Amino acid sequence: MQSSTSEHLDVSVILPVFNEKEHLQAEIDRVRAGLDASNYSYEIVVVDDGSSDGSTELLREIAGIRLIVFPTNRGSGSARRAGTMAARGDVVVWTDVDMTYPNDQMAWLVDQLDGWDQVVGARTSEEGTVKFLRVPAKWAIRKLASYLTETAIPDLNSGFRAFRREVGQLYAHLLPTGFSCVTTITLAFLSNGHSVGYVPIEYNKRAGRSKFHWWADTRRYATQVIRMVLSFNPLKVFLPVGIWLLIAGIAKLAFDWVTRDFALAANTLLLFLGAFNVVSIGLLADLIVRLNSHAAAPRVIAPPTRPSEAATSASDTAAGAGEG
């Protein structure tokens, strides 16, 4: 279905752009081809993040898109936040314009949202730069996030995802400026009781030059995972640390009693005080989070109704009323 100019839309596609002129038109065409073949009404919201390669000028010539232009580069997270807050569709789709994701399959991705608040395209391969460093780093961070959220996460930072706009906009203010925004939106949903599903997708080699800096961005990913969990479930971090300090204190106390004739060493006392302080801080942080929490209970929402389905439903209702 062609994109609509009406206020209500089924899907809003958010495309952050930073110096992607060479393949920008091809990606927008792929998005349109996939959604035009569906019954979804949609809009394409392109956020130019301070491009300097002529992408801005090219975008101004492309008809049928909503264009937001940043005068300077603010980061992928800032672009996605601006696009998400400007979205009018019931469902928001995030993706990239570097030819890596199957953007012609967006309608299929939205279909998978049935019963979920967010669905993520889990990549079946890693095609990024510095793979021998990225793969183990991403695995470690993903395992950390899975432990902290108590949820299996096949792909923590996939940029190809769809979510309910009404839910996503609740957490848009939490998005950092950089690449870790995709990690943040996943953890925000999981930590607040929203459902997140995963579907396998193919991931292709990037077109153009990557903006990912493996050391700086990996460090930000790890930091953001811990920050998000501290924001929503601080005991998950503080309690294990406190327990380990307590165990170490008990072990040191037993050692002191055996070797020092029941004398209490100063460092043993420090271990007990450290355990008490860490657990106390965790409990206080947890209380603050709960008092300020606006978390929603887990729920199942029907997918956006396609026009054909709406017509069928209306006719069925009318027929039922006639039979009554």
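Relevant structure appears above.
Because the structure is a prediction, the values reported are computed rather than measured. (Residues numbered from 1 in each chain as written. Predicted model: local features only at pLDDT ≥ 70, side-chain atom pairs only at ≥ 80, totals over all residues. Heavy atoms only, no water.)

## Focus: the pattern of salt bridges
For clarity, the cut-off: Salt bridges, as used here, are contacts in which a Lys or Arg side-chain nitrogen is within 4 Å of a carboxyl oxygen on Asp or Glu. Each helix corresponds to a stretch of at least 4 residues labelled H or I by DSSP, and each strand to a stretch of at least 2 residues labelled E; elements are numbered beginning at the N terminus. Relative accessibility thresholds used throughout: buried, under 20% of the residue-type maximum; exposed, over 50%; partly exposed, between the two (1.4 Å probe, protein chains only).
A complete count under the given rule lists eight salt bridges for this structure. Notably, a salt bridge pairs Lys 236 with Glu 150, separated by 2.6 Å at the nearest N-O pair. Of this pair, Lys 236 sits in helix H9 (residues 235–259) while Glu 150 sits in the loop between helix H5 (131–149) and strand E6 (161–164), and the two are 86 residues apart along the sequence. Overall, Lys 236 belongs to the buried group, its relative accessible area being 15%. In this structure Glu 150 comes out as exposed when scored by relative accessible area, which is 62%. Linked by salt bridges that have partners in common, Glu 27, Arg 30 and Asp 104 make up one network.

## Here's the deal with the packing of aromatic side chains
As a reminder of what qualifies: Centres within 6.5 Å are what make two rings of Phe, Tyr or Trp a pair, Trp counting through its six-membered ring; a difference in plane orientation under 30 degrees is then read as stacked, over 60 as edge-to-face, and the rest as tilted. In this scheme, the term charge over a ring applies when either NZ of a lysine or CZ of an arginine sits within 6 Å of the ring centre and within 35 degrees of the ring normal.
As enumerated under the stated definition, the model contains five aromatic pairs in all. Arranged with centres 5.4 Å apart and planes meeting at 85°, the rings of Trp 94 and Phe 163 form a pair that is edge-to-face. With a gap of 69 residues between them, Trp 94 in strand E4 (residues 89–94) and Phe 163 in strand E6 connect regions that are remote in the sequence. Like Trp 94, the residue Phe 163 is buried in the burial classification. Taken together, the ring pairs connect Trp 94, Phe 163, Tyr 171 and Phe 189 into an aromatic cluster. Seen from the ring of Tyr 203, Arg 123 lies directly overhead, with NZ or CZ sitting 4.9 Å from the centre.

## Overview of the sheet that holds strand E7 (residues 196–201)
Applicable threshold: Paired strands are those between which DSSP finds at least two bridges. Here the axes come from fitting lines to C-alpha atoms, over the contacting stretch only for helices, and the angles between their N-to-C directions go from 0 to 180 degrees. Whether two residues are in contact is decided by their heavy atoms, any of which lying within 4.5 Å being enough.
One open sheet accounts for seven strands, arranged E3-E2-E1-E4-E6-E5-E7; its pairing is mixed. Pairing within the sheet leaves two strands with one partner each, and these edge strands are strand E3 (66–70) and E7. Between one strand axis and the next, the sheet turns through 20° on average, direction left out of account. The pairing of strand E5 (residues 118–123) with E6 spans three bridges and is antiparallel. Along E6, the bridge assignment pairs Gln 118 with Phe 163. Against the sheet, helix H3 (residues 76–86) touches strand E1 (9–17), strand E2 (42–49), E3, E4 and E6, its axis set at about 160° to E1.

## What to know about the packing of H9 against helix H10 (residues 266–291)
To keep things clear, this is the line we draw: Throughout, the term roughly parallel applies to angles under 35 degrees, roughly antiparallel to angles over 145, roughly perpendicular to angles from 65 to 115, and oblique to all others. For any pair of crossing helices, the crossing counts as left-handed if the nearer helix is rotated counterclockwise from the farther one by less than a right angle, and right-handed if it is rotated clockwise. Polar here means any residue outside two lists: the nonpolar Ala, Val, Leu, Ile, Met, Phe, Trp, Tyr, Cys and Pro, and the charged Asp, Glu, Lys and Arg; Gly therefore counts as polar.
In the contact formed by H9 and H10, the axes pass within 8 Å of each other and the chain directions differ by 160°. One element, H9, and the other, H10, form an angle in the roughly antiparallel class. You can see that H9 and H10 cross each other, and the crossing is left-handed. Its residues placed into classes, the contact of H9 with H10 shows 16 nonpolar, six polar and three charged.

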